[in-house]
Amino acid sequence: MNIAYFLIPKNSVAYLYDDFTFRQGLEKMRHHGYTAIPVISRDGRYVGTASEGDFLWRLLSEDAEHPRPCSMRDMEQLRVRDILQSNNYPPVRITVGMEQLLHSAMNQNFIPVVDDYDSFIGIVTRKDIIRYFAGEARQETPDLLRKIV
């Protein structure tokens, strides 16, 4: 099965640009009600995924390298790319198989999909992957029962 069948294309997905300010990123996430959102560069390359936790941990950060911003005005200087933690949402290529897609979905709500040039082309949701495998299991159940009987 080709994962392109499950792909929600980039033009239908909310995402942040890595040069958005902290405030712009937070407002867009709030507007859409997301807990995580893909981050791309202006040239369309996938950079990572920003989560509520990334924003929260940055607000609570007190180390010398990243002093805690005191106001929303201070946060206008901070960019989304500056708050990204380790990439907990690794992308897959459009050519990946369903088994590998399922493996990725075990740890993330959606899987970012990139082309051969690492350009972000959309996402596949865990919900769609579960539906696919649940449907496949229902189709195989009668065959399994016949083999048992």
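Parameters and conventions
Residues numbered from 1 in each chain as written. Predicted model: local features only at pLDDT ≥ 70, side-chain atom pairs only at ≥ 80, totals over all residues. Heavy atoms only, no water. Helix = DSSP H or I, 4+ residues; strand = E, 2+ residues; numbered from the N terminus. Buried < 20%, exposed > 50% of the residue type's maximum accessible area, 1.4 Å probe, protein only. Contact = heavy atoms within 4.5 Å. Pairing = 2+ DSSP bridges. Axes fitted to C-alpha atoms, helices over the stretch in contact; angles between N-to-C directions.

Bringing the overall build of the protein chain into the picture now. Tallying secondary structure elements over the protein chain gives 6 helices and 7 strands in all. N-terminal to C-terminal, the α/β element order of the protein chain is β-β-α-β-β-α-α-α-β-α-β-β-α. Here the protein chain holds 149 residues, and the buried ones make up 38% of them. In the protein chain, of all internal contacts separated by at least 6 residues, the share reaching a separation of at least 24 is 53%.

Here we come to the sheet that holds strand 5 (residues 92-93). One open sheet holds the 4 strands; their spatial order is 1-7-6-5, and the pairing between them is mixed. Looking at the sheet topology across the chains shown, the edges are occupied by strand 1 (8-9) and strand 5. Note that strand 1 and strand 7 (residues 120-125) share 2 bridges and pair antiparallel. Note on strand 7: the bridge partner recorded for isoleucine 8 is isoleucine 123. Running at roughly 130 degrees to strand 6 (residues 110-114), helix 5 (residues 98-105) makes contact with strand 5, strand 6 and strand 7 of the sheet.

By themselves, these observations are geometric and do not establish any function.
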